[in-house]
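What follows is the residue order along each chain.
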Amino acid sequence: MRLNGEIQPEEERKVIDSFNSQTYSIGIGFPHSQSHDLVVGYALTSKKKKSFLQPKLLCLARNKGIFFVAIDLNRPLSEQGPFDVVLHKLSGKDWCANIENFRQKNPEVTVLDPPFAIEHLHNRQSMLQDVADLNLSDCHGKVGVPRQLVIKKDPSSIPYEVNKAGLKLPLVAKPLVLDGSAKSHELFLAYDQFSLAELEPPLVLQEFVNHGGILFKVYIVGEIIKVVRRFSLPNVSKRELEKVAGVFRFPRVSSSAASADDADLEPSVAEHPPQPLLENLARELRHRLGLRLFNIDMIREHGTRDVFYVIDINYFPGYGKMPDYEHIFTDFLLSLVQSKHKKRPAV
Ligand SMILES: Nc1ncnc2c1ncn2[C@@H]1O[C@H](COP(=O)(O)OP(=O)(O)OP(=O)(O)O)[C@@H](O)[C@H]1O
Ligand SMILES: O=P(O)(O)O[C@H]1[C@H](OP(=O)(O)O)[C@@H](OP(=O)(O)O)[C@@H](O)[C@@H](O)[C@@H]1OP(=O)(O)O
Ligand SMILES: [Mg+2]
Ligand SMILES: [Mg+2]
């Protein structure tokens, strides 16, 4: 049943879309004229628009006075807006230079996030460096990164390099550079080091850590942390390692993995990482990476209670899959402006 005057989510999307196109075609009715409104310009891929700008987010945002406006990539950024916040996830050097230039010329606009900080996550070696430097170990547990080796060129040198570095099998091979393509998410599990010579560098070879087939996705939105469980690759037993040889290809393990939040799991595997540990880790990474929107893939070493590894960090991940994301995200956007007002000197 539909209540009188109730806006249906699909209609809301149309309203916002038509609002967006009007803003650009005739340039009137820009919500910024109402001082309490918040205008968020966005530059996102169509895949991201679909998963992030869901009707439930748009509806709630509108009720809170937040308007999402599409950035027109064919027009100079300086001619668009005014924006309070810019959200972006697009690849390419031109876009990076463009948004960095805009950021420097418009310090009053909150650009989420600085392109050079995002760039740091586009390489699987630099991505985990801050976690490795942290060496986080407190009374709530220990967080590290799996031992890894970067192979830049010659694949025939892999068996020698793996031996020299003393890496233990099995190894996960991941493309070194992330460019948003499906290929950069392709992953290989190698049971012997000789088969790795078949792969195409540049690669990161990472020790596979048995973790009971469950992964924790730790979503960060500013100060907020939300953890979900996902199914992951199963443990590899010593017996299996002795019997099996070769490399096995997994096209896209992480994003295709089902949620394990409601699965009936062994408590020692299912238990979330301790909250104080996550808070420490998130706080440190927010500062060191200079990012506010990212997620961390974390696994617990099987057979331990409190030994964790960070295996991946993603910028502006699939928040649409985070429970309650519409409330968390809109509150976050509002908090950005509130903190800006607080910082403004009194006149
Ligand atoms: N060192 C490891 N030990 C055990 N399992 C691993 C390891 N590295 C990766 N995995 C498994 O492979 C999956 C994909 O790896 P990873 O998260 O690094 O790739 P990705 O393509 O960046 O994923 P995403 O879609 O999250 O960006 C992980 O979610 C996990 O299930
Ligand atoms: O596809 P989804 O919306 O789920 O988001 C995924 C996101 O894809 P998109 O930004 O192109 O949308 C990926 O980004 P790229 O590395 O490919 O740039 C990466 O961040 C994944 O980890 C996200 O999945 P999650 O980790 O949250 O499950
Ligand atoms: Mg991942
Ligand atoms: Mg990733």
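On a predicted model such as this, the values are computed, not experimentally measured, just so you know. Residue positions are given per chain, counted from 1 along the sequence in the order it is written. Lettering for chains starts from A, numbering for ligands starts from 1, and both go in the order in which the items are written. The predicted origin of the model limits local features to residues at a pLDDT of at least 70 and limits the giving and counting of side-chain atom pairs to 80 or more, whereas totals for whole chains, interfaces and linings rest on all residues. The basis for every side-chain value is the complete set of heavy atoms in the structure, and neither hydrogens nor water enter the calculation.

Student: Teacher, can you tell me more about the overall build of the chain here?
Tutor: By definition, any uninterrupted DSSP run of H or I lasting at least four residues is a helix, any uninterrupted run of E lasting at least two residues is a strand, and each is numbered from the N terminus. Scanning the chain from terminus to terminus reveals 12 helices and 15 strands. The buried label applies to any residue whose accessible area, calculated with a 1.4 Å probe on protein chains only, is under 20% of its type's maximum; exposed applies above 50%, and partly exposed to all values in between. Here the chain holds 347 residues, and 47% of them are scored as buried. Contacts between residues were defined by any pair of non-hydrogen atoms, one from each residue, lying within 4.5 Å. Counted over contacts in the chain with a minimum sequence separation of 6, partners at least 24 positions apart contribute 72%. Accessible surface for the chain amounts to roughly 17800 Å². Of this, 53% is attributable to carbon and sulfur atoms. Computed with a 1.4 Å probe, the accessible areas rest on the Shrake-Rupley method; for each residue, only the protein chains presented here act as cover.

Student: Help me out: how do you make sense of the coordination of the magnesium ion (ligand 4) in this one?
Tutor: By definition of the ideal shapes, four donors in a tetrahedron about a metal sit 109.5 degrees apart, and six donors in an octahedron sit 90 or 180 degrees apart. With water excluded from the atoms, a metal site may look incomplete; its donors are any N, O or S atoms within 2.8 Å, or within 3.2 Å for Na, K and Ca. Protein-derived coordination of the magnesium ion (ligand 4) comes from D312 (OD), D312 (OD) and N314 (OD1), at a distance range of 2.1 to 2.7 Å. Separating the magnesium ion (ligand 4) from the magnesium ion (ligand 3) is a gap of 3.8 Å, which D312 spans by donating to each of them. Judged by relative accessible area, N314 falls into the buried class, the value being 16%.

Student: I'm lost on the pattern of salt bridges in this one. Help?
Tutor: Pairing between side chains of opposite charge can happen when the charged atoms of each approach one another. Definition used for salt bridges: Asp or Glu carboxyl oxygen within 4 Å of a side-chain nitrogen of Lys or Arg. Applying the stated criterion across every chain, the model contains 11 salt bridges. Across the salt bridge formed by D297 and K217, the nearest N and O atoms sit 2.8 Å from each other. Taken together, the residues span a long stretch of sequence, with D297 in strand β14 (residues 293-300) and K217 in strand β11 (residues 214-221) at a distance of 80 residues. The same class applies to D297 as to K217, namely buried. The residue E271 makes a salt bridge to R305 at a minimum N-O spacing of 2.9 Å. You can see E271 sitting in the loop between α10 (267-270) and α11 (275-289) and its partner R305 sitting in the loop between β14 and β15 (307-315), a full 34 residues away along the chain. Judged by its relative accessible area of 59%, R305 falls in the exposed class. Each of the salt bridges in this network shares a partner with another, and the network as a whole consists of K183, E186 and R249.

Student: What should I look at first to understand the site of ligand 1 in this one?
Tutor: Here a residue is considered near a molecule or strand provided that any single heavy atom belonging to it is located within 4 Å of it. The immediate surroundings of ligand 1 are formed by 24 residues, with K174, H185, S232, R252 and S254 found nearest. Under this definition, polar contacts are N or O atom pairs within 3.5 Å; protein pairs additionally need one hydrogen-donor-capable and one acceptor-capable atom, and for neighbouring residues in sequence, both atoms have to be side-chain atoms. D297 is positioned with one of its side-chain polar atoms (N or O) 3.1 Å from an oxygen atom of ligand 1. Counting residues per element, the ones that place at least two in the shell around ligand 1 are β8 (171-175), β10 (203-207), β11, α9 (253-256), β14 and β15. When grouped by side-chain class, the residues that make up the shell around ligand 1 number 10 nonpolar, 7 polar and 7 charged. Side-chain classes follow a simple rule in which Ala, Val, Leu, Ile, Met, Phe, Trp, Tyr, Cys and Pro form the nonpolar group, Asp, Glu, Lys and Arg form the charged group, and the remainder, Gly included, forms the polar group.

Student: What is the right way to read unusual backbone geometry from this model?
Tutor: The phi torsion of most residues other than glycine is negative, and most of the peptide bonds are trans. The step from G81 to P82 runs through a cis peptide bond, and the omega angle for that step is 5°. Tracing the chain through its elements places P82 in the loop between β2 (66-70) and β3 (85-89). Here L169 and P170 are connected by a cis peptide whose omega angle stands at -5°. If you check the backbone angles, N135 has positive phi at about 50° while not being a glycine. With respect to the element layout, N135 can be found in the loop between α6 (124-134) and β5 (136-138). A positive phi is found at D324, a non-glycine position, where the angle reads about 70°. Secondary-structure assignment places D324 in the loop between β15 and α12 (325-343). Assessed through its relative accessible area of 40%, D324 is described here as partly exposed.

Student: Even after reading the chapter, I still don't get the site of ligand 2, so can you show me in this structure?
Tutor: The local shell around ligand 2 holds 17 residues, among which K47, H185, K217, G318 and K321 are the closest. K47 places a polar side-chain atom, nitrogen or oxygen, 2.7 Å from an oxygen atom of ligand 2. Separating an oxygen atom of ligand 2 from a side-chain N or O atom of R230 is a distance of 3.0 Å. For ligand 2, whose accessible area on its own is 540 Å², the fraction buried by protein is 89%. Residue assignment for the shell around ligand 2 shows that the elements contributing at least two residues are α2 (46-52) and β11. In terms of residue count, α2 provides more of the shell around ligand 2 than any other element does, 3 residues in total.

Student: Whenever I open this one, the sheet that holds β3 confuses me. Can you help?
Tutor: Sheets are built from strands that pair by backbone hydrogen bonding, the pairs being arranged parallel or antiparallel. A pair of strands counts as paired when DSSP detects no fewer than two bridges linking them. Spatially, 4 strands are ordered β2-β1-β3-β4 in an open sheet, and the strand pairing comes out parallel. Strands with a single pairing partner mark the edges of an open sheet, and in this sheet they are β2 and β4 (110-112). Ignoring strand direction, the axes of neighbouring strands in this sheet form an average angle of 20°. Relative to β2, strand β1 (residues 38-44) is paired through 5 bridges, and the arrangement is parallel. If you follow V40 over to β2, its bridge partner there is F68. Against the sheet, helix α4 (residues 93-105) contacts β1, β3 and β4, and its axis sits at roughly 165° relative to β3. Interaxial angles span 0 to 180 degrees and are taken between N-to-C directions of axes, which are lines fitted to C-alpha atoms, for helices over the stretch in contact.

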